[in-house]
Number of protein chains: 2
Amino acid sequence: MALPQTHKAVVWRPPARDIRVEQVPIPKIEHPDDAIVKIQLAGLCGSDLHVYRGDEDVHEPHVCGHELIGHVVALGSSFGPNAPRERPALYATLKLGDKVVVPFTISCGECEFCRRGFTARCIKSCLLGQPILPGGQAQYARIPHAGGTLFALETLTNTGPALPDASLLLLADILPTGIFVALQALSHPKLAPALTGTAWPASASPALGAYFNDAVDARAAIVPADKTLQIAVVGLGPVGLCALFALLDMLATLRAHYRVIGVDLNPARRAKAQAMYDIVAKAENMRGEFCVADGDEAKDVVKQWGRGGCHAVLEVVGHPSALSLSLALLGPVGIISSCGVHQAPAIPFTGRELYNANATLEFGRCSVRAVFPAALRLLLKRRDIFGIIGDSGLVERVVGLDDAPEAYEKFNRGEWGKVVFDPWA
Amino acid sequence: MALPQTHKAVVWRPPARDIRVEQVPIPKIEHPDDAIVKIQLAGLCGSDLHVYRGDEDVHEPHVCGHELIGHVVALGSSFGPNAPRERPALYATLKLGDKVVVPFTISCGECEFCRRGFTARCIKSCLLGQPILPGGQAQYARIPHAGGTLFALETLTNTGPALPDASLLLLADILPTGIFVALQALSHPKLAPALTGTAWPASASPALGAYFNDAVDARAAIVPADKTLQIAVVGLGPVGLCALFALLDMLATLRAHYRVIGVDLNPARRAKAQAMYDIVAKAENMRGEFCVADGDEAKDVVKQWGRGGCHAVLEVVGHPSALSLSLALLGPVGIISSCGVHQAPAIPFTGRELYNANATLEFGRCSVRAVFPAALRLLLKRRDIFGIIGDSGLVERVVGLDDAPEAYEKFNRGEWGKVVFDPWA
């Protein structure tokens, strides 16, 4: 397949807020494990804004963007029927022309971390959209360790009416991240007593069950498994919405009752969250209550819920103020689960505050590649909200790359919601 | 039983380092749920040193101490055969003269937190040894909510040769705390892939298993369950030793291989940890390696272990420097489990550090009452180290209350190990 020498790309220049659309050299195969993807659609993500504002630890011009969907147009020599059987399957099966989603970080699929599912911390991990790895807001991208990294959409069958490609793009980062931040809370041993009816410590670890199987007191241990969880989602941007609906879907799977509050200082974001919830509530049997609020209102609401606060707070912002609010909403023996891309500021807590709260803090990047199958299932199930492109959907608009400077500015100001670029428009 | 009007007690006076032994009014029954305990032995704990040094948030004179063992000498009117059946069992069964261990915090046994096993955050929780609740370094103590709080030792049968009472005192705080800090690490979903051979996210939550049951890639998901965990214990004072041997015992239960390093800047503490390990290694089939080191050496050792650091670090100090060292020893996707009684200083991490590490931080106070049965079993099993009183044991010496000023000073300087007071000597 003959590829051009240059292509159009969105380039960020230091120190901040300088977004230009330029013709740059096209990426080429550099290593046998590489693939070149011709980009069909590319996303603009909240974490791109950290770079945009000059808050990230990056100081050179580079092609931005880490959410992409497209077709394979070139493959390194590792790909083919002779690929060793112990390598990730795509080295044997991926073909030119295959449609793929690219996770926002590269993962080899073969190191200890990848094999255990922690693809976010692959020993070869690299975030797309950096000086060392040009990103996806462009017409082509080079994907290293492509056999481990890529998710081939041809493996989809029986998925019903086709989803818009702009929706499939949500798989690249934000929908798996929403699942991750909800799962870190719901899978924590601290929630097991509420969900299972078995007191701690016996409920903390199935493998250590016999170690702790004595009831402290036969009567005190009779824990009504009322399974009502009080949870706040702080941040209702696109990732926050993914977290919210991933949380609700998992709560439904657990048959747990809930009080969930979505918190954001932006009224348009709150309204969108409520509107999406109302759509889901028409389709599903919901076992709880949902409301939206700004930070101060949220403190009042959560105080009225009782028990000293939330069982868990999902923090989906990436700013110390969101962490402070999260701790204020958290009840004793709770979990703050954060997927926010935090920066240089210090964690805004004293040791005493965290000791007194018996708090768990979970930080980090989602292992997107490991979550893909569950994310795809959720995307298909919730096509009623994720499949809509427009004001009432998660992806609000699709624009050309030439609109990138405006898109960054308006997304940063909260005037636009999630933007997807069509690099060929 | 006629009780005296006054008794001898250890009193701390502000601002710092002022410990006196005084005659103070004896505590009396104030509420039907109270018990009065005649104290047989009382412990001096590392967290008493925070008060001693003036670092705690307390500014009035008070009777110190939160580890006590003794006999019931008075009971409130809630106790007796007519106690309602739904109340904790001791309201019906506890008798004058019963031998009891008192956990360092009061817990009612009847609120949501107690019923779920989180007795440390009982809605009536109160730390013994405060202005509002005189402590146990004395001859008598009032125990509120005694039916929920106390652990009656008469329930012990078939425990073999009697343990010294000074060893039973370890149940009041530090041995359960050691179990707690180890359990928070070992029960965390992040360790499930290493322990079970099932990759994340499928391994994160049994209740959500079906949600994540797709292998990302059939071959990549074949995770050798080699179960070798790399763990550091930062702080080898008495609580650190409890954490270390609780950790090893739980690793043995899990049949996990390990590399464990005990870290302390005090060479005497390191030597004691190594000596105790050698005793245990003679008695048990150990599945790993153990060494001791100071902070700098530990970084070198852990670096040589590979995989970027430890799966988990137990922090048993309560100082920001220990947290910083913990993060330096931690590998990607790891857990810092802290039971240190942290104070006013800020958590010494930036958001970016924690995001980049995919780190979990666990903070808090142990729910001692819920851990008692497991702690007692461990105490009996490890009588070879916990049952020794003297230089080679955990409890180094038993002294009279009149020696309290010297005991605080020397324990604070690291010259004395764990001290127990005999209030009648």
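Small disclaimer: the values here were computed from a predicted structure and weren't measured.

K.L.:
Just to check I follow, could you spell out the packing of helix 10 (residues 295-305) of chain A against helix 11 (residues 320-329) of chain A for this structure?
P.N.:
Angle between the axes and distance between the axes: these two values describe a pair of packed helices. All names here are of chain A. Running from N to C, helix 10 and helix 11 point in directions that differ by 15 degrees, and their axes come no closer than 10 Å. When the axes of helix 10 and helix 11 are compared, the pair comes out roughly parallel. Considering the relative orientation of helix 10 and helix 11, their crossing is right-handed. Residues G295, A298, K299 and V302 of helix 10 form the contact with helix 11, whose participating residues are L325, A328 and L329.

K.L.:
Please explain the packing of aromatic side chains as it appears in this structure.
P.N.:
Note on aromatic pairs: each is described by the distance of the centres and the angle between the planes. Enumeration according to the criterion identifies 16 aromatic pairs over all chains in this entry. Seen from their ring centres, Y140(A) and W424(A) are 5.8 Å apart, and the 90 degrees between their planes marks the pair as edge-to-face. Of this pair, Y140(A) sits in strand 9 (residues 140-143) while W424(A) sits in the segment after strand 18 (418-422), and the two are 284 residues apart along the sequence. A residue is classified by how much of its surface remains accessible, and Y140(A), at 7% relative accessible area, is buried. With a relative accessible area of 41%, W424(A) lands in the partly exposed category. Connected via pairs of aromatic rings, a cluster forms that spans F118(A), F180(A) and W200(B). Over the face of the ring belonging to W416(A) we find R397(A), whose NZ or CZ atom lies 4.0 Å from the ring centre. Across from the ring centre of Y355(A), 5.7 Å away, lies the NZ or CZ of R121(B), which sits over that ring.

K.L.:
It is not clear to me how the confidence of the model for chain A should be interpreted in this structure. Could you clarify?
P.N.:
The predicted coordinates should not be examined in detail at positions where pLDDT is low. Per-residue confidence for chain A gives a mean pLDDT of 93; residues scoring 70 or more make up 95%. What the predictor reports for the complex is a pTM of 0.94 with an ipTM of 0.94.

K.L.:
Would you explain the pairing of strand 6 (residues 99-102) of chain A in this entry?
P.N.:
Side chains on a regular strand alternate between the two faces of the sheet. Residue and element names in this part refer to chain A. Both faces of strand 6 are covered, namely the face carrying K99 and V101 and the face carrying V100 and V102. Bridge count between strand 5 (residues 67-75) and strand 6: four bridges; the pairing is antiparallel. Residue pairing across strands places H71 opposite K99, the latter belonging to strand 6. Two elements, strand 6 and strand 10 (residues 151-152), share two bridges in a ladder whose sense is antiparallel. Considered in strand 10, the bridge of V101 is made with F151.

K.L.:
Which parts of the structure should I look at to understand the pattern of salt bridges?
P.N.:
Side chains bearing opposite charge may pair, as long as their charged atoms lie close to each other. Residue and element names in this part refer to chain A. On inspection of all chains with the given rule, the structure shows 44 salt bridges over all chains. The salt bridge partner of R116 is E112, with a shortest N-O separation of 4.0 Å. Accessibility expressed as a relative area gives 28% for E112, which makes it partly exposed. A salt bridge links E415 to R413, with the shortest nitrogen-to-oxygen separation between them at 2.8 Å.

K.L.:
How should the interface of chain A and chain B be read in this particular structure?
P.N.:
Where interface size is given, it is often the accessible area lost as the parts come together that is meant. Listed by partner, the interface residues are 92 residues for chain A and 92 residues for chain B. Contact between chain A and chain B buries roughly 7,800 Å² in total, counting both sides, with carbon and sulfur atoms accounting for 59%. Ionic pairing is found between R352(B) and E56(A), a salt bridge with its closest N-O pair at 3.9 Å. Connecting chain A to chain B are 33 residue pairs in polar contact (both at pLDDT 80 or more). A total of seven residues in the side of chain A that touches chain B trace back to one element, the largest contributor, which is helix 13 (residues 368-381) of chain A. Considering only residue class, the side of chain A that touches chain B consists of 51 nonpolar, 19 polar and 22 charged. The pairing of strand 16 (residues 360-362) of chain A with strand 16 (residues 360-362) of chain B spans three bridges and is classified as antiparallel. Within the sheet, the bridge partner assigned to L361(A) lies in strand 16 of chain B and is L361(B).

Procedures and definitions
Here the residue numbers are simple positions, counted from 1 along each chain's written sequence. Naming scheme: in the order in which they are written, chains are lettered from A and ligands are numbered from 1. pLDDT decides what is reported in this predicted model: residues at 70 or higher carry local features, side-chain atom pairs at 80 or more are listed and counted, and totals for whole chains, interfaces and linings draw on all residues regardless. Working from all heavy atoms in the structure, the side-chain values ignore hydrogens and water. Angles here are taken between N-to-C directions and fall from 0 to 180 degrees, while the axes themselves are lines fitted to C-alpha atoms, restricted in helices to the stretch in contact. Runs of E in the DSSP output that reach at least two residues are strands. Runs of H or I that reach at least four are helices, and both are numbered from the N terminus. With respect to orientation, any angle under 35 degrees is reported as roughly parallel, any angle over 145 as roughly antiparallel, any angle of 65 to 115 as roughly perpendicular, and every other angle as oblique. It is the rotation of the near helix from the far one that decides the hand of a crossing: anticlockwise by less than a right angle makes it left-handed, clockwise makes it right-handed. Contacts between residues were defined by any pair of non-hydrogen atoms, one from each residue, lying within 4.5 Å. Working definition: rings of Phe, Tyr and Trp (its six-membered ring) pair if their centres are within 6.5 Å, and the pair is stacked with planes under 30 degrees apart, edge-to-face with planes over 60 apart, and tilted otherwise. Throughout, exposure labels follow a simple rule: accessible area from a 1.4 Å probe, protein chains only, divided by the maximum for the residue type, with under 20% read as buried, over 50% as exposed, and the rest as partly exposed. A positively charged side chain is recorded as over a ring if its NZ (Lys) or CZ (Arg) lies within 6 Å of the ring centre. The angle to the ring normal must also be within 35 degrees. The predictor reports its confidence for every residue as pLDDT, a score running from 0 up to 100. For two strands to be treated as a pair, DSSP must find no fewer than two bridges joining them. Just to be clear on terms, a salt bridge is a Lys or Arg side-chain nitrogen sitting within 4 Å of an Asp or Glu carboxyl oxygen. A 1.4 Å probe defines the accessible area here, and the buried area is the portion of it lost by two parts on being joined, summed over both. Polar contacts, as counted here, are pairs of nitrogen or oxygen atoms within 3.5 Å of one another; within protein the pair requires one atom able to donate a hydrogen and one able to accept it, and residues that are adjacent in sequence qualify only if both atoms are side-chain atoms. Three classes are used, and their members are as follows: Ala, Val, Leu, Ile, Met, Phe, Trp, Tyr, Cys and Pro are nonpolar, Asp, Glu, Lys and Arg are charged, and the others, Gly among them, are polar.

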